[in-house]
Amino acid sequence: MKKKEVVLSGIRATGKLHLGNYLGAMKFFAQLSQDDSKECFFFIANLHTLTTKTDPDDIKRDLKEIVLDYISIGIDPSIATIFAQSSVPETCELTWLLGCLTPVADLERMPHFKDKKDKKEALGEIVNSGLLTYPVLMAADILGPRANLVPVGEDQHPHVELARELARRFNTIYGETFPIPELLSGEAVRVPGLDGSGKMGKSDYNTIDLSDSPETVIKKISKAVTDPARQRRNDPGDPSVCNIYALHMLISSGQELAQVLEGCRTADIGCMNCKEILSKNIVNILSPIQQKRAELVDKGLDFPLEILNDGGERARKIIAETVEEVKDKMGVPMY
Ligand code: TRP
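Note that this is a predicted model, so its numbers are computed, not measured.

Conventions adopted
- Residues numbered from 1 in each chain as written.
- Predicted model: local features only at pLDDT ≥ 70, side-chain atom pairs only at ≥ 80, totals over all residues.
- Heavy atoms only, no water.
- Domains from an automatic or database assignment.
- Contact = heavy atoms within 4.5 Å.
- Buried area = accessible area lost by both parts, 1.4 Å probe.
- Core = buried A, V, L, I, M, F, W, Y, C linked by side-chain atoms within 4.5 Å.
- Buried < 20%, exposed > 50% of the residue type's maximum accessible area, 1.4 Å probe, protein only.
- Near = heavy atom within 4 Å.
- Polar contact = N/O pair within 3.5 Å; in protein donor to acceptor, adjacent residues only side chain to side chain.
- Areas by Shrake-Rupley, 256 points an atom, 1.4 Å probe, with all protein chains shown as cover.
- Helix = DSSP H or I, 4+ residues; strand = E, 2+ residues; numbered from the N terminus.
- Nonpolar A, V, L, I, M, F, W, Y, C, P; charged D, E, K, R; others polar.

What follows covers the domain arrangement of the protein chain. Structurally, the protein chain comprises domain 1 (5-190 + 301-330) and domain 2 (214-295). Distance from the C-alpha centre of domain 1 to the C-alpha centre of domain 2: 34 Å. If you look at the interface, domain 1 gives 11 residues, while domain 2 gives 8 residues. In this assembly, domain 1 packs against domain 2 so that about 830 Å² is buried in total across both faces, 73% of it on carbon and sulfur atoms.

Next up on the list: the nonpolar core. Among the nonpolar cores identified, the biggest contains 55 residues, and Ile-44, Tyr-70, Ile-75, Ile-208 and Ile-282 are the most heavily contacted of them. The residues that make up this core include at least three from each of domain 1 (5-190 + 301-330) and domain 2 (214-295). Once residues within four sequence positions are removed from consideration, Ile-282 is found in contact with Leu-19, Ile-208, Val-217, Ile-221 and Ile-251.

Close to the ligand lie 14 residues; Arg-12, His-48, Tyr-134, Asp-141 and Gln-156 are nearest. With respect to the ligand, the side chain of Tyr-134 contributes an N or O atom lying 2.7 Å from a nitrogen atom. Within the side chain of Gln-156, one N or O atom sits 2.9 Å away from a nitrogen atom of the ligand. When isolated, the ligand has an accessible area of 360 Å², and the protein chains bury 92% of it. Among the elements of the structure, strand S1 (5-11) and helix H7 (129-143) are those that each provide at least two residues to the shell around the ligand. Class assignment for the residues of the shell around the ligand results in 8 nonpolar, 4 polar and 2 charged.

Below is the structure:
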């Protein structure tokens with residue numbers, strides 16, 4: 001039997017998931033998990049979360065929420081492995097080992113670090129060293145299960161590039177050990193925010209959450225920014241600069257999409273009308289996810305923990321084996 005390709009991706013536990021997470025990545029995770037030629041690992045990067053969040057109760061709550069989100073968007077936990085980063089202590093060992101092969105300058109150059117550092121400094125907060133070594137932990141996440149494919153958004157590409165470099169460096173010094181992980185960004189899309197900013201973001205007030213009710217979706221969309229030049233009902237609009245049309249392109253399709261495009265250009269339909277169509281289609285995407293989620297919630301509070309126990313055990317077995325081999329090759333086995 002041909003060896004399956006190992007797919008790995010993670011998501012930080014920082015609050016509710018939104019439509020941007022779903023369309024940008026998670027929908028793709030679900031498709032990958034249904035592909036027989038792939039062995040998928042999806043985890044919650046709760047150790048990475050500690051670089052920016054400190055409330056233990058929040059971190060625990062968000063973790064469980066993400067487990068429910070993963071399953072309700074269509075990842076079957078009996079096929080893909082869903083686990084918490086903190087369930088695999090060997091990943092932290094691997095982080096140290098890989099850190100000894102990582103130039104500090106490479107870490108200081110990371111856009112993610114520079115951005116976070118500037119923001120923390122501007123607020124007068126300390127810049128913790130976890131922010132600097134964040135990509136080494138991420139490389140350990142990837143190399144631990146010897147992942148071949150890593151589906152992540154654009155902002156994470158420099159981190160995956162570091163994981164590739166570390167895999168190459170390790171293989172050169174200590175002999176063939178890791179496959180070189182490939183980025184899998186084919187289907188990844190950037191989902192615009194409701195406020196006209198480039199991206200729907202977790203921390204901003206510009207998101208549609210996966211848990212939003214139909215009424216909330218309608219309300220949020222009705223307030224969202226549109227083509228600023230289209231002020232009156234009879235002004236023709238320019239869909240190419242309109243936020244709402246950008247969302248339509250990701251969500252609507254066929255004749256309806258063509259009608260929205262044409263209707264806006266000719267002022268045949270107004271912004272309210274266009275937004276109603278978008279809201280209806282968003283609600284159609286969210287309803288089955290919310291229904292599935294409600295069924296999972298009915299299983300009780302322990303359900304996400306059972307999934308994490310089971311997934312953690314599976315992931316740990318595989319990762320621990322790699323780390324033992326790495327320690328041995330580096331001359332620091334467990335005596
Ligand atoms: N840093 C990623 C993010 O914020 C999450 C993550 C952590 C990850 N480790 C990973 C993604 C390993 C892919 C592979 O989105």
